[in-house]
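# Fold and geometry: a report
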Amino acid sequence: MSDQNKLAKQTLKTDSHEVGRQEIRAQQVSIKSWTQKILVVLLCVASFYGGFKSYESNMVNDCKANGGQMIEGQKTMLCQLS
């Protein structure tokens, strides 16, 4: 009987230790997923900004290639052809 009691106590300790490990794993997964979500958002913002600046640069280059010059408007840049 005492062997069964020892085995039951050991099993209980192992189960509680395993539950603790599972909780830690769950926390790591949630932290990892939040980190990945933030990284994806930052990459999207950087990609959008880079694409916008590239588009803006191409517009300026097209204006200059056609013999125009860029003039600052109130809220926009304007291409004035000479």
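Residues numbered from 1 in each chain as written. Predicted model: local features only at pLDDT ≥ 70, side-chain atom pairs only at ≥ 80, totals over all residues. Heavy atoms only, no water.

## Here we look at the overall build of the protein chain
Counting secondary structure elements, the protein chain contains 1 helix and 2 strands. Reading the protein chain from its N end, one meets helices and strands in the order α-β-β. Counting over 82 residues, the protein chain shows a buried share of 2%. In the form shown here, the protein chain has an accessible surface area of approximately 7700 Å², with 60% of it arising from carbon and sulfur atoms. (Helix = DSSP H or I, 4+ residues; strand = E, 2+ residues; numbered from the N terminus. Buried < 20%, exposed > 50% of the residue type's maximum accessible area, 1.4 Å probe, protein only. Areas by Shrake-Rupley, 256 points an atom, 1.4 Å probe, with all protein chains shown as cover.)

## Concerning the pairing of strand E2 (residues 77-81)
In this structure, strand E1 (residues 68-72) lies alongside E2, joined through 5 bridges in antiparallel fashion. Looking at the pairing, Met70 lines up with Cys79 of E2. Where E1 folds back on E2, the antiparallel hairpin that results is connected by 4 residues. (Pairing = 2+ DSSP bridges.)

## Considering the pattern of salt bridges
Oppositely charged side chains are able to pair whenever their charged atoms sit close together. Following the criterion strictly, the structure yields 1 salt bridge and no others. Glu56 is the salt-bridge partner of Lys53, the closest N and O atoms lying 3.2 Å from each other. Residue Lys53 and its partner Glu56 are located together in helix H1 (residues 2-65), separated by 3 residues, close to a single helical turn. The exposure class assigned to Lys53 is partly exposed, which follows from its relative accessible area of 37%. (Salt bridge = Lys/Arg side-chain N within 4 Å of Asp/Glu carboxyl O.)

## Focus on the confidence of the model for the protein chain
In the predicted model, the protein chain carries a mean pLDDT of 77, and 62% of its residues have values of at least 70. At the low end of the mean pLDDT range in the protein chain sits H1, at 77; at the high end sits E1, at 83. (pLDDT = per-residue confidence, 0-100.)

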